[in-house]
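# Observations on the three-dimensional arrangement
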Amino acid sequence: MLHTLLYFLALFSLSTSPNWARLSQMPVDVLGFWRLLIASVLIFVWVFFYRRQPFPRIEKKFFWVIASGIFFFGHLWTYKYASKTTSVANTMIFFATNPIWSTLGSIFFFNERFTRRLGLAYLLALSGITLLVSHQFDLNSTGFLGDISAIASALLFSAYILTGKRARIYYSNSVYASFQYLIGAICFFLAVLISGHDFTNHSTISWTAVAGLVIFPTLLGHLSFSYLMSTMNLSLMSCGKLIEPVLASIIAYFVFGELLTPHAIMAFILTASALFVLFMPSLRFSKT
C-alpha cells in the first residue's frame, strides 16, 4: 500500500513539470542545468555528509548509472525541444508511446510478462491521451524536427528507466539518484557552453520555477520513481505514467486558467479507469 501511495505521489509531482517549465523564462539547457545540479548537491549532502554513506567505487557496474544519467539528460532536452518546435498535442501523443518501448525492454531485459490486465490498462490510458489531444492534432504540422524529437524523447525515457532499473540492482536509490542527476547536470552544463546562454542573469519567476522543478518533479517525482524501480513492475509503472498529461491539464486549469474541455474530462475518466485496472487489490506489485 505504501508503494502505491508513493507511486501516485510521484505521478502527481511529475505532472507538474510542464507547468513549472511554462513559468520559467530560462533557455531549456540553463533550466535543466540548475534543476539537476541543485538536486544532485542536495542529495550528495544528505547521503555522503549527513548519513555518511561510503562513496561508491567506480567500477564496471557503475556504467549503468552513467548511462541512466546520460539518457535522462537526453530525455529532458528532447522533450523540451519538442515542446518548443511542434505543438503540445503532437509532443504528448508521440511521447505517450514510451510505455510501449519500456514494456518491450522490460520483457527483453527483465523477463517481465505482458498480462491481459496490463493490455486493457494500456488501451484505456492510450485512448484517454488520444482523446485529450485529438481535436488539436494536425497531420500537416510543419514541426517535423519537433515530432522526431518527441519520439526520441519517448525512446530516451524508456532507456533511462531500463538502465536505471539495472543500476538499482547494485546501488541504493539515494546513491544512484545523486550521481544520475550530477551526470545529467554535467551534460546540460556542456550544452549551455555550446549554446552560449547566460547561466545566472534571469528573472525571479524563473528561479521560482527552478525551485519548483527541483522539489516536485525531480525529488518527489523522479526520485520516488527510481526508488520504486526495484520493487514494481516496469510495464505497470510506465503505463500508469500515461495519466500525467491529464493531471498536467487539470493543474494548468487551476494555475493558468486554461479551459478544461469535455475532451480532458473524458480523458481523465479513461485514464483513471486504466489506473483502477492496474491497481486492483489482486494485482501483485512484484515481478509478474
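Residues numbered from 1 in each chain as written. Predicted model: local features only at pLDDT ≥ 70, side-chain atom pairs only at ≥ 80, totals over all residues. Heavy atoms only, no water.

## As for the confidence of the model for the chain
With 86% of its residues at a pLDDT of at least 70, the chain reaches an overall mean of 82. Per-element mean pLDDT across the chain ranges from 66 in helix α5 (residues 88-95) up to 95 in helix α9 (residues 173-195). Taken as a whole, residues 281-288 scores under 50 in pLDDT and shows 17 contacts with residues more than four places along the chain or in a different chain. (pLDDT = per-residue confidence, 0-100. Helix = DSSP H or I, 4+ residues; strand = E, 2+ residues; numbered from the N terminus. Contact = heavy atoms within 4.5 Å.)

## Examining the packing of helix α8 (residues 144-170) against α9
Look at α8 against α9: their axes get within 10 Å of each other, and the N-to-C directions meet at 135°. Between α8 and α9, the angle falls in the class oblique. With respect to the hand of their crossing, α8 and α9 are arranged in right-handed fashion. Contact residues: Tyr160, Gly164, Ala167 and Arg168 in α8; Asn173, Tyr176 and Gln180 in α9. Broken down by class, the residue content of the contact of α8 with α9 amounts to three nonpolar, three polar and one charged. (Axes fitted to C-alpha atoms, helices over the stretch in contact; angles between N-to-C directions. Parallel < 35°, antiparallel > 145°, perpendicular 65-115°, else oblique. Left-handed = near helix turned anticlockwise from the far one by under 90°. Nonpolar A, V, L, I, M, F, W, Y, C, P; charged D, E, K, R; others polar.)

## Focus: helix α6 (residues 98-110)
End to end, α6 covers 17 Å across 13 residues, agreeing with the expected 18 Å (1.5 Å per residue, within 8%). Of the residues trailing α6, Asn111 is marked for its positive phi of about 60°. (Expected span 1.5 Å × (residues − 1).)

## A few points about the packing of helix α4 (residues 63-85) against α9
Axis separation between α4 and α9 bottoms out at 8 Å; the angle between their running directions is 50°. When the interaxial angle is binned, α4 and α9 end up oblique. Where α4 crosses over α9, the handedness of that crossing is right-handed. Here α4 contributes Val65, Ile66, Ser68, Gly69, Ile70, Phe72, Phe73, Leu76 and Trp77 to the contact with α9, which in turn contributes Tyr176, Phe179, Gln180, Tyr181, Ile183, Gly184, Cys187 and Phe188.

## Side note on the nonpolar core
Nonpolar side chains tend toward joint burial in soluble globular proteins. Ranked by size, the top nonpolar core spans 50 residues in total, and within it Val65 and Phe225 carry the most contacts. Within the residue set of this core, elements represented by two or more residues are α1 (2-15), α3 (28-50), α4, α8, α9, α10 (204-228) and α11 (234-240). Not counting residues within four places of it along the chain, the set of residues in contact with Val65 comprises Ala167, Tyr171, Tyr176, Phe179, Gln180 and Ile183. (Core = buried A, V, L, I, M, F, W, Y, C linked by side-chain atoms within 4.5 Å. Buried < 20%, exposed > 50% of the residue type's maximum accessible area, 1.4 Å probe, protein only.)

## Focus: a nonpolar patch on the surface
A cluster of nonpolar side chains, namely Ile100, Trp101, Leu104 and Leu155, defines an oily patch on the protein surface of about 350 Å² accessible area. With three residues, the top contributor of residues to the nonpolar patch is α6. Tracing the backbone shows Leu104 in helix α6. (Patch = residues over 30% accessible without salt bridge, like charges linked within 9 Å, V, L, I, M, F, W, Y side chains within 5 Å. Areas by Shrake-Rupley, 256 points an atom, 1.4 Å probe, with all protein chains shown as cover. Salt bridge = Lys/Arg side-chain N within 4 Å of Asp/Glu carboxyl O.)

## Quick look at the pattern of salt bridges
Tallied over the entire structure, the rule returns two salt bridges. For Lys61, the salt bridge goes to Glu59, with nearest N and O atoms at 3.5 Å. A single salt-bridge network, built from bridges that share partners, covers Arg57, Glu59 and Lys61.

## Considering the side chain of Thr218
Structurally, Thr218 is set in helix α10. Only 2.7 Å separates the side chain of Thr218 from the backbone oxygen of Leu213, close enough to count as a polar contact. Beyond its immediate stretch of four places on either side in the chain, Thr218 contacts Arg35, Leu36, Ala39, Tyr181, Leu213 and Leu223. (Polar contact = N/O pair within 3.5 Å; in protein donor to acceptor, adjacent residues only side chain to side chain.)

## Some words on the side chain of Asn19
Considering the arrangement of structural elements, one finds Asn19 in helix α2 (residues 17-23). Residue classification places Asn19 among the buried positions, given a relative accessible area of 9%. The contact partners of Asn19, leaving out residues within four places of it in the chain, are Ala248, Ile251, Ala252 and Phe256.

## Quick look at the packing of aromatic side chains
Each aromatic ring pair is summarised here by two numbers: the centre-to-centre distance and the angle between the ring planes. Per the stated rule, a full pass over the model turns up 23 aromatic pairs. Between Phe44 and Phe48, the ring centres sit 5.2 Å apart and the planes meet at 45°, which makes this aromatic pair tilted. Linking Phe44 with Phe48, this pair stays in helix α3, spanning four residues, or about one helical turn. By the ring-pair criterion, three or more aromatic residues cluster together here, those being Tyr7, Phe8, Phe72, Phe157, Tyr160, Tyr181 and Phe225. Note that Lys61 overlies the ring of Tyr171, its terminal NZ or CZ placed 5.9 Å from the centroid. (Phe/Tyr/Trp six-rings, centres within 6.5 Å; stacked < 30°, edge-to-face > 60°. Lys NZ or Arg CZ within 6 Å of the ring centre and 35° of its normal.)

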